[in-house]
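# Residue-level structure breakdown
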Amino acid sequence: MKIFKGNFNVTRLPANNRLHHIDALRAIAALCVVIMHFYTGLPGGAASSALAGNVQVLDFGRIGVVLFFTISGFVIPGSLQPGEHKGVFWIRRFFRLYPAYWVSICAVILAQWLFLDTTFSLRQILANITMLQNFMHFENIQGVYWTLEVELIFYVMVYLAFCCHLLEKPAFLLAASAFFFVIFVFYLDYWTGVTTLAHRFIEFANLSHVSDAHGGTADNHPLPGALNMNWGNFSGYFSVMYLGAALRLWFIGKMNRADKFATGILALGWFVLLPAMGMIVYVRTQDVGLFSMYGSWSTALALFMILAFLSPIRSKIMVWLGVVSYSLYLLHPLVIDTLFAFHATAAWAAAYPLLALLFCIIISAALAGCLYHTVERTAVNIARQLTKGLSTRNGNL
């Protein structure tokens, strides 16, 4: 059965297992993050302009991150194939993530030293090299690195599900997504006060003493307190990842009618319950920012479902941007920070923000293309050669 316009077939993936319209979705996610970081970093009055305000209210950054995580949930399970050696997945994931990440760390250290007169301790650098710095009580050298740790945790979850033969079972994926969604809604309710249920539960469970503090520095564990909203957000990210994994089974025709109905019920939570909660909060507080806490998640999932299932993007430029999106994600803060580091260029960006944003996107994309072709693609090819003898079939990185 075809559910796409054109030549997409839900029961058959392309021969190279590459879905170009998903690459285009990655490009949209990356651009959302770039736009958000640009406008939140604008100096002076430009940061409070109507356009900058709209970008922040709509929370382009959150939309981009949720899109990225949903896409990860959609594609990563396909990297684990029956008949492959268990080490293939981890070797290929390592070479897919770490080499480009290490180059970006070097670039950040150099740029911060040259342009912002910022240095990092050797211990912090070594901790960041592992990509597990927050678990080792160290902060990220670059702010965007936090998402990579969430990604690594999801890899462990997916791998364990694969080993338990649960990765191709829609009921498990939907149950896992629903479990994390309930936790996410609990935290939202606790922090925004839509109802009193979350606070009553905390009191009933005698958890009032539990910390809700933010994370600290390297000397003060950067992981937040147990009731901090960050844990709610992490649960939301895991929920959309598992939902993406379930949607993959729908996409390749491995869902029956009951599974699809259950997926629809879960979708109602994201597209009905969450916006309704956001509207209640907005009516009570008139705080548009609180409403965006709810709306950005639903917007990202709606974009994914529309552009993955109903109206795929085939633009070659967008597909290319999606292919290099990991490098774009890693390097764009360097371009933005460097632009804003000098008075003259910062003033120009404040005076002509749209032109400056276009400049940042072009430069970031050019650097991303260089990093992809020199490091990312080379590392992927090395991983394929290393795992060639371990696998009975080629998997996509």
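Keep in mind it's a predicted model, so treat the numbers as computed, not measured.

## Side note on the pattern of salt bridges
One pass over the full model with this rule turns up five salt bridges. Between Arg 26 and Asp 23 there is a salt bridge, with the nearest N and O atoms lying 2.6 Å from each other. One end of the pair, Arg 26, and the other, Asp 23, are both in helix 1 (residues 20-41), three residues apart, so they sit about a helical turn from each other. The exposure class assigned to Arg 26 is buried, which follows from its relative accessible area of 18%. Glu 376 is the salt-bridge partner of Arg 96, the closest N and O atoms lying 2.5 Å from each other. On the criterion of sequence distance, the pair formed by Arg 96 in helix 4 (residues 86-115) and Glu 376 in helix 15 (residues 353-387) is long-range, its members being 280 residues apart. Put simply, Glu 168, Arg 248 and Lys 254 are held in one network by salt bridges that share partners.

## Details of helix 13 (residues 325-341)
Its 17 residues place the ends of helix 13 24 Å apart at the C-alpha level, agreeing with the 24 Å of an ideal helix rising 1.5 Å per residue. Among the 17 residues of helix 13, 14 are classified as buried, and the element is accordingly described as predominantly covered.

## Details of the packing of helix 6 (residues 146-163) against helix 9 (residues 229-251)
It is the contact of helix 6 with helix 9, at a shortest axis distance of 11 Å, that shows an interaxial angle of 50°. Taken together, the axes of helix 6 and helix 9 lie oblique to each other. Pair helix 6 / helix 9 crosses with right-handed handedness. Of the residues in helix 9, those in contact with Trp 146, Val 150, Glu 151, Ile 153, Phe 154 and Met 157 of helix 6 are Phe 234, Tyr 237, Phe 238, Met 241 and Tyr 242. Looking at side-chain class alone, the contact of helix 6 with helix 9 contains 10 nonpolar, no polar and one charged residues.

## Points about the environment of Leu 126
Here Leu 126 lies in helix 5 (residues 122-129). Sequence separation between Leu 126 and Phe 138 is 12 residues; the distance between their C-alpha atoms is 9.8 Å.

Cut-offs and rules
- Residues numbered from 1 in each chain as written.
- Predicted model: local features only at pLDDT ≥ 70, side-chain atom pairs only at ≥ 80, totals over all residues.
- Heavy atoms only, no water.
- Salt bridge = Lys/Arg side-chain N within 4 Å of Asp/Glu carboxyl O.
- Helix = DSSP H or I, 4+ residues; strand = E, 2+ residues; numbered from the N terminus.
- Buried < 20%, exposed > 50% of the residue type's maximum accessible area, 1.4 Å probe, protein only.
- Expected span 1.5 Å × (residues − 1).
- Axes fitted to C-alpha atoms, helices over the stretch in contact; angles between N-to-C directions.
- Parallel < 35°, antiparallel > 145°, perpendicular 65-115°, else oblique.
- Left-handed = near helix turned anticlockwise from the far one by under 90°.
- Contact = heavy atoms within 4.5 Å.
- Nonpolar A, V, L, I, M, F, W, Y, C, P; charged D, E, K, R; others polar.

Just distances and angles here, no functional claims.
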